[in-house]
Structures are given as C-alpha cells and as structure tokens.
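Observations on the model geometry
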Amino acid sequence: MKKNRIKRMAKADLVLIGILLLIGLTCLLAVRLLVQKGGATVRILSDGQLYGTYHLTNDQEIPIQKEGEVVNILKISDRKAKMIQADCPDQLCVHQKSICRQGETIVCLPNKIVVEIEGEQDADLDSISR
C-alpha cells in the first residue's frame, strides 16, 4: 500500500513542477512584452565616442570605419539591427542575434564598437539620488 502512495506522489510532484514552470515562463514572456519597449534609433559608439545615430525605420547597411578602414558593417532592416561583418578574429558580434528593443546592445570588443538601441524619448537621468 505504501508503494502505491509513493508512486502517486511522484506523479503529482511532476505535474506540480510542470505547472510552476509553465506559470514562470508565462510571467517572463508577459514582462518582456509589456515592460520592454521597442527602440526607435541605433546609436553606435567607437572607442567611447559617438560614431552615429540611425533610425530603425530606414533599412540600410552602415560601414563603421576606424583609421580609414571598414572594421564592422551594421545592417538595419525590418526595424532590427544586426552586425553582419567584422574584421575581428572571434566574430562574436556577428554571431549575436539582431537587436530591436530599447536597452539591447551588440559589442565588438576587439574593435571597441558598441551598438545600442535607444527609445524615442530617452531621459537625461536614469535616476535621481540624494
């Protein structure tokens, strides 16, 4: 009799774990969709300096140059930005997914390039402390 009871508890535990995982994934998706805002512009920084700001609505390829040579190429299409070419050896920035939401970034460390999505109205201050 005890053996049967233990078996049912194991099945009930699996069902409970499955339900909790489903609730967690649903909450994560809801937060992502409701809280994160879509971006309006792409800001490119090279060596910490502003290289350029581009609208996500304009489909284009942006060659990023350093010392007269193209080191990276950023492609904007379908309101998303993706690094499509880089001359760095690891190619991590090229393998990164497209970005389209405010606050998302693509970083090319060897070339010191940072690409970030900004919203339509960015506040001057993130927070105020006393």
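Residues numbered from 1 in each chain as written. Predicted model: local features only at pLDDT ≥ 70, side-chain atom pairs only at ≥ 80, totals over all residues. Heavy atoms only, no water.

A few points about the pattern of salt bridges
Considering all chains together, one arrives at four salt bridges under this definition. Between Glu 104 and Lys 97 there is a salt bridge, with its nearest N and O atoms 3.5 Å apart. Relative accessible area serves as the criterion here: at 13%, Glu 104 is assigned to the buried category. Ionic contacts of the salt-bridge type, sharing partners, join the residues Arg 43, Glu 116 and Glu 118 into one network. (Salt bridge = Lys/Arg side-chain N within 4 Å of Asp/Glu carboxyl O. Buried < 20%, exposed > 50% of the residue type's maximum accessible area, 1.4 Å probe, protein only.)

Quick look at the nonpolar core
Val 42, Ile 44, Leu 74, Ala 81, Met 83, Cys 93 and Val 115 are the most contacted members of the largest nonpolar core, which has 19 residues in total. Elements supplying a minimum of two residues to this core: strand 1 (41–46), strand 3 (60–66), strand 4 (69–77), strand 5 (80–86), helix 2 (92–95), strand 6 (105–108) and strand 7 (113–118). With residues up to four places along the chain from it excluded, the contact list for Val 115 reads Val 42, Arg 43, Ile 44, Leu 74, Met 83, Ile 99, Glu 104, Thr 105 and Ile 106. (Core = buried A, V, L, I, M, F, W, Y, C linked by side-chain atoms within 4.5 Å. Helix = DSSP H or I, 4+ residues; strand = E, 2+ residues; numbered from the N terminus. Contact = heavy atoms within 4.5 Å.)

Focus: the state of the cysteines
Across all of its chains, the model carries zero disulfides by this definition. With no disulfide of its own, Cys 108 lies closest to Cys 88 among cysteine sulfurs, the gap being 3.6 Å. (Disulfide = S-S within 2.5 Å.)

Thoughts on the environment of Ala 81
With respect to the element layout, Ala 81 can be found in strand 5. Spatially, the C-alpha atoms of Ala 81 and Cys 100 are 6.5 Å apart, while their sequence positions differ by 19 residues. Once residues lying within four places of it in the same chain are set aside, the contact partners of Ala 81 are Val 42, Leu 56, Leu 74, Lys 75, Ile 76, Ser 98, Ile 99, Ile 106 and Ile 117.

These results come straight from atomic positions and should not be treated as a statement about function.
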